[in-house]
Amino acid sequence: LLLLSKPSRFFIFGSYRDYGVNEDDDNRLFIESLSDLGVSVETIKMTLMDQGSLNDAVSDLLCLSPRLTRSLSDIVHHKTKGNPLFFSRLMSSLITEGLLQFRLSCRR
């Protein structure tokens, strides 16, 4: 058993929406308290993906031309409203459930 007397680093990942979050929200208060203690806090703001960016991501994921992924991307954008976290979850779900498959005979 290895015990460190003073841990030097730790990583916490969390997410929340900017809108609708009160000043007394637990996540916001936790982040502020870490900053007050001198802990370096890195915040990454994720913005919504437009249809072009989302199509590029689907195209890269499927290794297909953006022209071929446009119709799927339009549906995915409609379902996720461009939210990158929802996009990731939806695409993972489609693959896990076997609804999106690679076919060697079609090379796609």
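Above: the structure in question.
I will try to describe carefully the structure that is included in this document. (Residues numbered from 1 in each chain as written. Predicted model: local features only at pLDDT ≥ 70, side-chain atom pairs only at ≥ 80, totals over all residues. Heavy atoms only, no water.)

**Let's talk about a nonpolar patch on the surface**
A contiguous nonpolar patch, built from Ile-44, Met-46, Leu-85 and Phe-86 and spanning about 410 Å² of accessible area, is present on the exposed surface. Relative to the elements of secondary structure, Ile-44 occurs in the loop between helix 1 (26-36) and helix 2 (51-62). Note on Ile-44: relative accessible area 69%, which makes it exposed. (Patch = residues over 30% accessible without salt bridge, like charges linked within 9 Å, V, L, I, M, F, W, Y side chains within 5 Å. Areas by Shrake-Rupley, 256 points an atom, 1.4 Å probe, with all protein chains shown as cover. Salt bridge = Lys/Arg side-chain N within 4 Å of Asp/Glu carboxyl O. Helix = DSSP H or I, 4+ residues; strand = E, 2+ residues; numbered from the N terminus. Buried < 20%, exposed > 50% of the residue type's maximum accessible area, 1.4 Å probe, protein only.)

**Description of the environment of Gly-14**
Here Gly-14 is to be found in the segment before helix 1. Here Gly-14 falls in the exposed class, since its relative accessible area comes to 58%. In this structure, the C-alpha to C-alpha distance between Gly-14 and Thr-43, residues 29 residues apart in sequence, is 9.8 Å.

**Some details on the layout of surface pockets**
Here the largest pocket defines a volume of roughly 1200 Å³. Taken together, 28 residues make up the lining of the largest pocket; nearest its centre are Gly-14, Ser-15, Tyr-16, Thr-43 and Ile-44. Those elements giving two or more residues to the lining of the largest pocket turn out to be helix 1 and helix 4 (84-96). The biggest single contributor to the lining of the largest pocket is helix 1, with four residues. (1 Å grid on protein atoms, 1.4 Å probe; cavity = no way out; pocket = protein on both sides within 12 Å on 5 of 7 lines; lining within 4 Å. Points joined across faces, edges and corners; volume = space filled by probe spheres on them.)

**Here's the deal with the packing of helix 2 against helix 3 (residues 66-80)**
Helix packing geometry: the angle between the two helix axes and the distance between the axes. Between helix 2 and helix 3, the least distance of the axes is 8 Å, while the angle of their chain directions is 120 degrees. For the element pair helix 2 / helix 3, the angle class is oblique. Helix 3 is crossed by helix 2, and the crossing has right-handed handedness. Together, Gln-51, Leu-54, Asn-55, Val-58, Ser-59 and Leu-62 of helix 2 and Pro-66, Thr-69, Arg-70, Leu-72, Ser-73, Asp-74, Val-76, His-77 and Thr-80 of helix 3 make up the contact between the two elements. Residue classes in the contact of helix 2 with helix 3 are distributed as six nonpolar, seven polar and two charged. (Axes fitted to C-alpha atoms, helices over the stretch in contact; angles between N-to-C directions. Parallel < 35°, antiparallel > 145°, perpendicular 65-115°, else oblique. Left-handed = near helix turned anticlockwise from the far one by under 90°. Contact = heavy atoms within 4.5 Å. Nonpolar A, V, L, I, M, F, W, Y, C, P; charged D, E, K, R; others polar.)

Geometric descriptors of this kind do not, in isolation, establish any biological role.
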